[in-house]
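Coordinate analysis (summary)
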Amino acid sequence: MKRVFSLTEKAVLAVPVQYSWQKTLGNYLAVVGFDHTVKIFDRHGQKRDEINLPSNCVAMDWDADGDTLAMLAEKSSIIYLWDANTNKSNQVDSGMRDQMSFLLWSKVGALLAVGTAKGNLLLYNPQTSRKIPVLGKHTKRITCGCWSMQNLLALGSEDRTVTISNQEGDTIRQTMVRAEPSDIQFSVMKTDERASQGECTVSVLVGKKTLFLFNLSDPDNPVELAFQQQYGNIVSYKWYGDGYIMIGFSLGYFVVISTHIREIGQELFQNHNHKDNLTSISISHALNKAASCGDNCIKIQDLTELKEMYAIINLDDETKGLDRLSWTDDGQLLAISTQRGTLHVFLTKLPVLGDTCGTRIANLTSLLEVTVANYVEGDSPITVAVDVEPNFIAVGPYHLAVGMNNRAWFYLLGDNGVEKLKDVEYLGTVASMCLNSDYAAALFEGKVQLHMIESESLEAQEERETRLFPSRDDKCKILCHALTADFLIYGTNAGVIHYFFIEDWQYINEYRHAMSVRKIFPDPSGTRLVFIDDKSDGFVYCPVNDTVFEIPNLSPTIKGILWENWSADNGVFVAYDDDKVYTYVFHKDTIQGSKVILAGGTKLPFSHKPLLLYNGELTCQTESGKTNSVLLSTHTFLSGLKESGADDLKRVLTQALMLKRFSDAWDICKSLNDKSSWSELARACLHHMDVDFAIRVYRTIGNVGMVMSLEQIKGIEDQNLLAGHLAMFSNDFNQAQDLYLASSCPVAALEMRRDLQHWDSALQLAKRLAPDQISFISKEYAIQLEFTGDYVNALAHYEKGMTGDNKYQEHDEACLAGVARMSIRMGDIRRGVNQAIKHPSRLLKKDCGAILESMKQLSEAAQLYEKGQYYDKAASVYIRCKNWAKVGELLPYVTSPKIHLQYAKAKEADGRYKEAALAYENAKEWDHVIRIELDHLNNPEEAVRIVRETKSIDGAKMVARFFLRLGDYGSAIQFLVLSKCNDEAFQLAQQHNQMEVYADIIGSDATVEDYQSIALYFEGEKKHFLAGKFFLLCGQHARALKHFLKCPNTEDSPAIEMAIETVGQAKEETLTNQLIDYLMGESDGMPKDAKYLFHLYMALQQYREAARTAIIIAREEQSAGNYRSAHDVLFSMYIELKVQKIKIPSEMATNLMILHSYVLVKIHVKRGDHIKGARMLIRVANNISKFPSHVVPILTSTVIECHRAGLKNSAFSFAAMLMRPEYRNKIDLKYKKKIEAMVRHPDTSEVEEETTPCPFCGFQLPECELLCPGCKNNLPYCIATGRHMVKEDWAMCPCCSFPALYTEFRSLLETEATCPMCSEKVGADQLKKVTDCSQYLKPDDVEQ
């Protein structure tokens, strides 16, 4: 609260201070001086007048209008009157003889009541000068009184009575009280009935202790209220609201009570407002506030919320305490007198005066002070002291104007501070004023004066100095005006809005409205303007293109409009009244064109007047002269979103989209991360034609189609065409069509309707825009009509679609096809069929055929199918017509088995079985073919062939029955098995002793039960081998083995092999031992061939035992001279052990090597390579004991081959061996003499054997040596030559993986086709040279 002035000089005021505010206006304050004077001060503390009295002032009061101040002087019968309008005083003689003590003006009329010390009363009317003396109204001094609104006068006296009198002075009511009354007030008690009888309740303080309530309507039941002693005495009380009383107590308490009969006696509110004492309370009904004083402070509270303190004024220098509070009627000023004789006046409410220019605000901050501030740009506020209390304020970029009535004072707001420029008088009272950088425009009495603020001396500028609007010949009256940087804009009672361009000093635009334009509000640039007319309807006017848009839902109570000053929101404005602010957005570029929308409303705090809108923040002026910011509810997204939930985010997203704040909406969508929100943003971008932002959004949500579509149209400059495309993307097709038609490319509307298949619209548009397209659209329309079943219109459109132009032959053919189909549908079958036959399309013939078939026109349908080469369908329809001759003709072309089947049945019924069989065969109905071949054509061979080929079960049954009739049981069993009738086949085999046939046929496809049945049969027949075989198949190994061992043991009997297989499958020790006993001869004393034991070990996967057995078998075979067999046994065992990764016994490896050397001899000798043959024979002869059956032949061959190869010494040594007595007589006579001659005449010359390196250590040793003296390793040998392997010439047999010298093996394969080791076929091209043979050089593979 700002202090306006203080009266502190003791020479001025009397103590205690008496003062009184002028009623209604509050312009004057009357104060009693110490020197028998009453001083009149204005509201700024300036003394305006002084009235001299003959003695001390006893009482004073202002009349109801504040025109006259009445005063009483001590010991004087004169009433002193002072006129506020003329500042003159006059005197009236009361005619009363006794001392006057009380004076009070009526609330409603010019009637003054004066009371005396002896209880007499005078009523005086200054207008008529009538005086009514009433003697003896009271018996003692009249001390207090009050007028009611009904002009009743209540008086209180020291005689402890209260009287109620009318305006003639007659006593209506009189009541006694217990102590001296004081502070009488009239009011209305709160009752249940709303019908008011006027101020019928009198309240009075009784002895400062109780409150006495006296109802004139119920005088017999007065109410007297007493309060707690701790409160102290009642200092003062005030009525307010609907029958409430606020009471102040001397000990600092104040209490609120209600006078409603049910609530009387209850304290509604109580507060210890002041710690030590309370001296006065006062209520301002204008402000709806209460003030109390005490403890050197004033506390102000809002009557609607008493618990909260509105303001506290501390008066620390008033040590003696405070005295009395009083408010002006308008609530602007609050006066407080003090115990030490001073008076302070505080500003509690200011006229809300303010103006803005851009973001600069000027507002009244005290009665004679204006503050200019720019909070947006952060400039320091400038305080301007003004000379008068202004009625209006205007601010420009560099100036401030304040004024009242017809005068205005101009100030320059320069860098060096505030400079007063001048004051201007106008020709009438100024209603409002606007400033720009150079000019001021003042509106008064229907005219606007535009003049320069700072006059320039140049003569050229004289005509631009000032101008009065409107011109003399224009009789209209200006109701509102505005000034922008470039234009003076004003609206008249004739509804015309004029734009005057200051730079060119001429009118450049006008807009005529249907009625008076009451208010105008241009945006900062002047390119948009909101105006409000006499009907309180609002419009946005764009002078650039002279368009007007109505503002929706504009409240009729709107006081003003503010445009958004934030450049990014240049279409936003707010309309405000006393309670609410409505946010509107003018969208200039949308698909639907420009429009104004209501974005929302914000509640305005009490007594806030909006001054400036910047980025959603409304700066308001308050009654206290301060400014306050309010964030619009439509801009809550600006206050941060971190703590917001999903629902709040969706709500603020809607706000951001309404305001076209896409960047903010983007951030909200990122927080929501919800596809529907992104889609909403994308749709808004399309609506506002922001293509680039829409592309960005659609790219984010992955809508590739929309991104590509928008990329194609984003460069279009024609706004209507672009809007049309966007409306189409938004599915608003009617809007899109209107926009396309208004654009530079109207044919786009036709293309859209065609794409949407809106054919009616497309045809209408084509007539206007592209007549050459009508044929094509008609065809498309006809296709749709045909689809929906509207054949009449489809036919008409197909006919309309014909162009007759060879260029469009395909199109015309499609139309003709449609005509054909529709003709048939409409019943004109002849025309339709002829058209279809003439038409080149096969598909049309098929379609027409199908239509005819559905219409039961079978012969025509079949004819069309046949013409269209749909032979299957044609044959099918001919069959339905029973036209078998036609069917027969078409049959070679028919592929459908179903038709062949139908034909076959017909032919069978006619007894033409051969044709029927052929047709059944074409239909792949093999069972029918077999039936006819057997039953009618007596051709079982063909039937058997078909059954074997097709594996037909039913066919096999038929053939089986046929052979059964013929008594061919073997064949019958065979076909019963084929037909899966195993039980029948088994019984047949049993009956006719054909079980072996059945067993052969059933093979491996039968079930375990089938095998068991056969086995049991053979067991009964004592056929042990077959019984054992089938017991093995059904998994009964013990019984199978028993039967196999009962079989007679002949050399070629497979029984032992089967027994071995049984034991191998069973893996049971008892069965294994049983078989081994049998093989060893322990059961019958006859040991069996060792090969069986070998097979047994192999079957049991006991490879070590098998290996030992193999060596034994090989030894036996060698002894018997079967060297190849021995070689194969050892080789197969060798391979098996390698596969199982078991070490090969050295004996086996050595025996295999010697036997293989023997095998190689024949190959080398046959090829004529005697040196290799001789070397291998030397190796064999050195181990001759392993060849006991052929000692002499082998030695003989060795001697001969060595001799041939030039190994004379070796030939001699082996010849000498032959000369031993046990061999000599066995030598072949052909060679005997030669050998004897060799021994007699020895030749010890020998060809030296070549040496090659050891593959392990590189030691040079003879080629055929297989034990390296260097590393003592057994060396791998070549299977082609028998020599040891060499690293550089390494190859492997692709079949058995034995090593061979690459060059030698390749050379061998030129004459031999097989591998000498495994006897498998090997080609020279299969050989691969091994570059790294280290993986084969593992001496651990063979046991040492």
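For the structure, see preceding data.
Anyway, here's the lowdown on the structure attached to this text.

What counts, and where the lines are drawn
- Residues numbered from 1 in each chain as written.
- Predicted model: local features only at pLDDT ≥ 70, side-chain atom pairs only at ≥ 80, totals over all residues.
- Heavy atoms only, no water.
- Disulfide = S-S within 2.5 Å.
- Buried < 20%, exposed > 50% of the residue type's maximum accessible area, 1.4 Å probe, protein only.
- Helix = DSSP H or I, 4+ residues; strand = E, 2+ residues; numbered from the N terminus.
- Pairing = 2+ DSSP bridges.
- Axes fitted to C-alpha atoms, helices over the stretch in contact; angles between N-to-C directions.
- Contact = heavy atoms within 4.5 Å.
- Expected span 1.5 Å × (residues − 1).
- Parallel < 35°, antiparallel > 145°, perpendicular 65-115°, else oblique.
- Left-handed = near helix turned anticlockwise from the far one by under 90°.
- Nonpolar A, V, L, I, M, F, W, Y, C, P; charged D, E, K, R; others polar.
- Salt bridge = Lys/Arg side-chain N within 4 Å of Asp/Glu carboxyl O.

This brings us to the state of the cysteines. Taken as a whole, this structure holds zero disulfides when the rule is applied. Between Cys-1296, a free cysteine, and Cys-1293, which holds the nearest cysteine sulfur, the sulfur-to-sulfur gap is 3.5 Å.

This part is about the pairing of strand β43 (residues 447-452). Counting buried positions over the six residues of β43 gives five, a clear majority of the element. Inspection of the sheet shows strand β42 (residues 439-444) paired to β43 by six bridges, in the antiparallel sense. Each bridged residue has a counterpart across the sheet, and for Ala-442 the counterpart in β43 is Gln-449. If you look at the hairpin formed by β42 and β43, you'll find two residues sitting between the two strands, and Glu-445 has a positive phi there, around 45 degrees. Looking at chain direction, β43 and strand β44 (residues 466-469) are connected through four bridges and run antiparallel. Residue pairing across strands places Gln-449 opposite Leu-468, the latter belonging to β44.

What follows covers the sheet that holds strand β2 (residues 19-21). Strands belonging to one sheet form pairs held by backbone hydrogen bonds; the direction of such a pair is parallel or antiparallel. Strand order across the open sheet formed by four strands is β2-β3-β4-β5, with antiparallel pairing between neighbours. On the outer flanks of this sheet lie β2 and β5 (47-52), each paired with one strand and no other. Strand after strand, the sheet turns through a mean of 20 degrees between neighbouring axes, direction not considered. Here strand β3 (residues 28-32) pairs with strand β4 (residues 37-42) via five bridges, running antiparallel. Residue pairing for β4: Tyr-28 is matched across the bridge by Asp-42.

Let us now look at the sheet that holds strand β8 (residues 78-83). A sheet is described by the order of its strands in space; here four strands give the open sequence β6-β7-β8-β9, paired in antiparallel fashion. Among the strands making up the open sheet, the edge pair consists of β6 (57-62) and β9 (88-93). Between one strand axis and the next, the sheet turns by 20 degrees as a mean value, whatever way the strands run. Bridge count between β6 and strand β7 (residues 68-73): five bridges; the pairing is antiparallel.

Right, let's talk about the side chain of His-725 for a bit. Looking at where His-725 falls in the secondary structure, it is placed in helix α6 (residues 719-729). For His-725, the contacting residues outside a window of four places in its chain are Ile-713, Ile-716 and Tyr-740.

Its 13 residues place the ends of helix α14 (residues 842-854) 19 Å apart at the C-alpha level, agreeing with the 18 Å of an ideal helix rising 1.5 Å per residue. Along α14, the residues classified as buried are Leu-844, Lys-845, Cys-848, Gly-849, Ile-851, Leu-852 and Glu-853.

This part is about unusual backbone geometry. Keep in mind that most residues, glycine aside, have a negative phi and that most peptide bonds are trans. In this structure, Pro-470 follows Phe-469 across a cis peptide bond, with omega equal to -10 degrees. Note that Pro-470 resides in the loop between β44 and β45 (478-483). Backbone geometry places His-36, a non-glycine residue, at a positive phi of 60 degrees. Inspection of the secondary structure puts His-36 in the loop between β3 and β4. In this structure His-36 comes out as partly exposed when scored by relative accessible area, which is 34%. Of note in the backbone geometry, Ser-129 takes a positive phi value of approximately 60 degrees without being a glycine. Here Ser-129 shows up in the loop between β12 (121-125) and β13 (130-134).

Here we take up the packing of helix α37 (residues 1208-1218) against helix α39 (residues 1229-1240). It is at 9 Å that the axes of α37 and α39 come closest, and there the two elements cross at 115 degrees. Our classification of the angle between α37 and α39 gives roughly perpendicular. For the pair α37 and α39, the crossing hand works out as left-handed. Residues Ala-1211, Phe-1212, Ala-1215, Ala-1216 and Leu-1218 of α37 touch α39, and the partners they reach there are Ile-1235, Met-1238 and Val-1239. Classifying every residue of the contact of α37 with α39 gives eight nonpolar, no polar and no charged.

Moving on: the pattern of salt bridges. With the rule as written, the count across this model stands at 37 salt bridges. Note that Glu-199 is salt-bridged to Lys-107, the shortest N-O span being 3.8 Å. Taken as a pair, Glu-199 in the loop between β18 (181-187) and β19 (201-206) and Lys-107 in the loop between β10 (100-105) and β11 (112-116) lie far apart in primary sequence, 92 residues in all. According to the relative accessible area criterion, Glu-199 is buried, its value standing at 16%. A salt bridge links Asp-648 to Arg-651; the nearest nitrogen and oxygen atoms lie 3.8 Å apart. Highlighted residues: Asp-648 and Arg-651, both in helix α1 (residues 646-658), separated by three residues, approximately one helical turn. Judged by its relative accessible area of 36%, Asp-648 falls in the partly exposed class. Its relative accessible area of 42% is what places Arg-651 among the partly exposed residues. Overlapping salt bridges bring together Asp-1169, Lys-1172, Glu-1263, Arg-1283 and Glu-1304 as one network.

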